[in-house]
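A look at the structure
The chain contents come next:
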Amino acid sequence: MVETTGGGPQDGAAEVLDRPLPDGVRRKVVQIVADGFGGLTVVELPAQLRQYARFTPSRRAKFAGNAMAAALETDPLFRQRIGEKLREAEPELTGALDSGSPPPAADPLDVAAAAYVLRPPGWVKLVTAAGEEAQRADAERADEETRAELERLRAELDRAREHTRAETERLRAELDAAKKETDSLHRKLRSALADVKRGEAALRKLRGETEAVRAEGQAQVSAAESETRRLKARLGESEAALEAARRAAREGRSVEDMRVRLLLDTVLDAAQGLRRELALPPVSVRPAETVDAVEPGRMTPKDIAARALSEDDPAVLDQLLALPQAHLVVDGYNVTKTGYPQMPLEKQRLRLLGQLAQLAAQTGAEVTCVFDGAELAAPVLLAPPRGVRVLFSKPGVTADELIRQLVRAEPPGRPVIVASTDREVADGVARAGARPVASAVLLKRLS
């Protein structure tokens with residue numbers, strides 16, 4: 001497409017710029033397009049620029065600069081319309097360009113930008129010259145800035161050197177003062193170290209003397225404590241021997257008296273019991289009547305069936321407890337674990353002792369219940385029921401051994417009944433003169 005300008009007969013559209021558009025000229029061109037953009041209708045705008053139609057010139061230059069520069073380069077009609085708007089806005093500049101003589105006082109960048117838009121003959125030279133002029137101006141400006149920066153840096157360097165010299169002099173003076181102070185401190189430190197060494201030597205000497213005195217004192221204290229312990233031990237042994245002698249003399253008499261009196265009460269009660277049980281009438285039998293013979297019309301003793309009781313019959317226990325001064329010794333845990341082993345030990349003890357209290361009240365017999373103390377984690381707080389003596393074996397002593405001790409403590413002739421299923425206990429008490437019964441028999445009697 002051939003463009004015609006109002007200034008000259010030749011067409012400059014055929015000229016081509018063989019180098020990139022200088023930055024300064026490009027900014028001017030974008031500004032010209034942005035200013036003339038608003039004077040066009042949306043239809044007159046290229047399709048890629050219509051979205052920026054409502055933008056202000058400054059926003060168009062900021063956001064649509066590349067798009068406007070590309071449209072101006074590729075769309076001659078759009079370039080012609082922008083040129084017309086430029087002629088309206090800058091008639092003097094555009095008229096001078098059309099005539100081929102741009103104003104000498106005009107900005108080269110404005111001239112080059114207008115020439116780029118209007119494309120008059122020789123516009124490439126104008127653009128190139130404007131670019132070179134702009135580069136030269138930029139170079140001169142950069143040189144000026146560089147010289148100014150160099151002068152500033154030289155001034156700062158001179159100030160820094162002066163400050164460095166002053167600071168060096170100050171630091172040298174402070175260093176000399178610090179050296180003098182350090183020498184003084186070294187002398188004081190050497191003197192203090194000498195004093196410390198003398199003090200440490202004196203302290204070591206005093207510590208040695210103190211340790212010697214402490215060791216001697218500890219030896220004397222140890223000797224005194226040893227002698228005191230030896231005297232206390234001898235005194236304790238003497239007191240224990242004296243107390244044992246007194247207790248042996250006192251207990252020997254009281255135990256023997258108790259055994260004799262208990263045996264005598266047993267014999268008297270047995271005699272009275274026999275008298276009551278037999279209920280013997282006055283003597284009316286003659287010796288001849290004691291001769292075994294069969295009288296007419298009478299049965300012999302062999303004809304009368306004798307009734308005997310089995311060992312598992314609770315009546316055996318009742319007969320034994322009915323004896324005068326009878327003493328029932330119960331192997332506690334042996335009985336409870338035979339009758340109700342699933343219960344806790346505490347409930348086993350309470351149940352057995354309650355039943356034994358009833359049995360003692362019914363029979364009047366002396367009842368002693370023995371428990372094994374080895375199964376206890378702590379001492380038992382227990383109030384024995386009325387009529388029942390409750391004993392726990394000491395550490396290292398079993399309940400079986402305590403039962404045998406109780407049987408051996410009884411005088412010969414007194415009826416002692418031991419309730420236990422333990423065969424060893426039963427055999428032992430039987431040899432000592434007691435009558436063993438099975439735990440099951442006692443449980444039957446209690447139930």
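Thresholds, definitions, all that
Residues numbered from 1 in each chain as written. Predicted model: local features only at pLDDT ≥ 70, side-chain atom pairs only at ≥ 80, totals over all residues. Heavy atoms only, no water. Helix = DSSP H or I, 4+ residues; strand = E, 2+ residues; numbered from the N terminus. Buried < 20%, exposed > 50% of the residue type's maximum accessible area, 1.4 Å probe, protein only. Contact = heavy atoms within 4.5 Å. Areas by Shrake-Rupley, 256 points an atom, 1.4 Å probe, with all protein chains shown as cover. Core = buried A, V, L, I, M, F, W, Y, C linked by side-chain atoms within 4.5 Å. Pairing = 2+ DSSP bridges. Axes fitted to C-alpha atoms, helices over the stretch in contact; angles between N-to-C directions. pLDDT = per-residue confidence, 0-100. Phe/Tyr/Trp six-rings, centres within 6.5 Å; stacked < 30°, edge-to-face > 60°. Lys NZ or Arg CZ within 6 Å of the ring centre and 35° of its normal. Polar contact = N/O pair within 3.5 Å; in protein donor to acceptor, adjacent residues only side chain to side chain. Parallel < 35°, antiparallel > 145°, perpendicular 65-115°, else oblique. Nonpolar A, V, L, I, M, F, W, Y, C, P; charged D, E, K, R; others polar. Salt bridge = Lys/Arg side-chain N within 4 Å of Asp/Glu carboxyl O.

**Let's talk about the overall build of the chain**
The number of helices and strands found in the chain is 13 helices and 5 strands. Looking at the 447 residues of the chain, the share that counts as buried comes to 27%. The contacts in the chain between residues at least 6 apart in sequence include a share of 63% that link residues at least 24 apart. Carbon and sulfur atoms form 56% of the exposed surface of the chain, whose accessible area is close to 29900 Å².

**A closer look at the nonpolar core**
Of all hydrophobic cores here, the largest spans 32 residues; its most connected members are Val-29, Met-68, Leu-72, Phe-78 and Ile-82. Of all elements in the fold, only α1 (23-37), α3 (65-74), α4 (76-89), α5 (91-99), α6 (108-118) and α7 (123-278) reach the threshold of two or more residues within this core. Per element, the largest residue contribution to this core is 9 residues, and it comes from α6. Setting aside chain neighbours within four positions, we find Phe-78 in contact with Val-33, Leu-40, Glu-44, Leu-45, Pro-46, Leu-49, Met-68, Ala-71 and Leu-72.

**Some points on the sheet that holds strand β5 (residues 435-437)**
In spatial order, the strands read β3-β2-β1-β4-β5; together these 5 strands make up an open sheet with parallel pairing. The open sheet terminates on both sides in strands that have one partner only, identified here as β3 (388-392) and β5. In this sheet, adjacent strand axes meet at a mean angle of 20° when their direction is disregarded. As defined by bridge partners, strand β4 (residues 416-419) adjoins β5 across 3 bridges and the pair is classed as parallel. Within β5, the position partnered with Val-418 by the bridge is Pro-436. The sheet contacts of helix α10 (residues 345-363) involve β1 (327-331), β2 (366-371) and β3, and relative to β2 the element is tilted by about 165°.

**Considerations on the confidence of the model for the chain**
Mean pLDDT over the chain: 79, with 84% of residues reaching 70 or higher. Of the regions scoring below 50 in pLDDT, residues 1-10 engages in 20 contacts with residues more than four places distant in sequence or in other chains. Predicted confidence for residues 289-307 stays below pLDDT 50, and this span has 3 contacts to residues more than four positions away or in other chains.

**Examining the packing of aromatic side chains**
On inspection of all chains with the given rule, the structure shows 2 aromatic pairs. Its guanidinium or amino end placed over the ring of Tyr-333, Lys-337 lies 5.5 Å from that ring's centre, counting from NZ or CZ.

**Some details on the side chain of His-327**
Its place among the elements puts His-327 in strand β1. Given a relative accessible area of 2%, His-327 falls into the buried group. Setting aside anything within four residues of it in sequence, one finds His-327 in contact with Glu-366, Val-367, Thr-368, Arg-389, Glu-410, Arg-414, Pro-415, Val-416 and Ile-417.

**A few points about the side chain of Gln-348**
Locating Gln-348 in the fold gives a position in helix α10. For Gln-348, the side chain forms a polar contact with the side chain of Thr-336, separated by 2.9 Å. Every residue in contact with Gln-348, bar those within four places of it in the chain, is listed here: Tyr-333, Thr-336, Lys-337, Tyr-340, Pro-341 and Met-343.

**With respect to helix α9 (residues 332-339)**
Along α9, the residues that are buried comprise Gly-332, Tyr-333, Asn-334, Val-335 and Thr-336. Against the buried residues of α9 lie β1, α10, β2, β3, β4 and α13 (439-446).

**Here's the deal with the packing of α4 against α6**
At a minimum axis distance of 8 Å, the contact between α4 and α6 shows a crossing angle of 135°. Of the possible angle classes, the one that applies to α4 and α6 is oblique. Residues Arg-79, Ile-82, Gly-83, Leu-86 and Arg-87 of α4 pack against Ala-114, Tyr-116, Val-117 and Leu-118 of α6. Split by residue class, the contact of α4 with α6 holds 6 nonpolar, 1 polar and 2 charged.

**Digging into the pattern of salt bridges**
On inspection of all chains with the given rule, the structure shows 19 salt bridges. A salt bridge links Glu-174 to Arg-170; the shortest N-O distance between them is 2.4 Å. Taken together, the positions of Glu-174 and Arg-170, both in helix α7 and 4 residues apart, correspond to about one turn of that helix. Residue classification places Glu-174 among the partly exposed residues on the basis of a relative accessible area of 41%. When the shortest N-O distance is used, the salt bridge between Asp-427 and Arg-423 registers 3.6 Å. Linking Asp-427 with Arg-423, this pair stays in helix α12 (residues 423-431), spanning 4 residues, or about one helical turn. Several salt bridges converge on common partners, so that one network encompasses Glu-366, Arg-389, Glu-410 and Arg-414.

**Remarks on the pairing of β2**
β2 sits mainly inside the fold: 5 of its 6 residues count as buried. Relative to β2, β1 runs parallel, the two sharing 5 bridges. In the strand pairing of β2, Leu-328 is matched with Val-367. Relative to β3, β2 runs parallel, the two sharing 5 bridges. Looking across to β3, one finds that Val-367 is bridged to Val-388.

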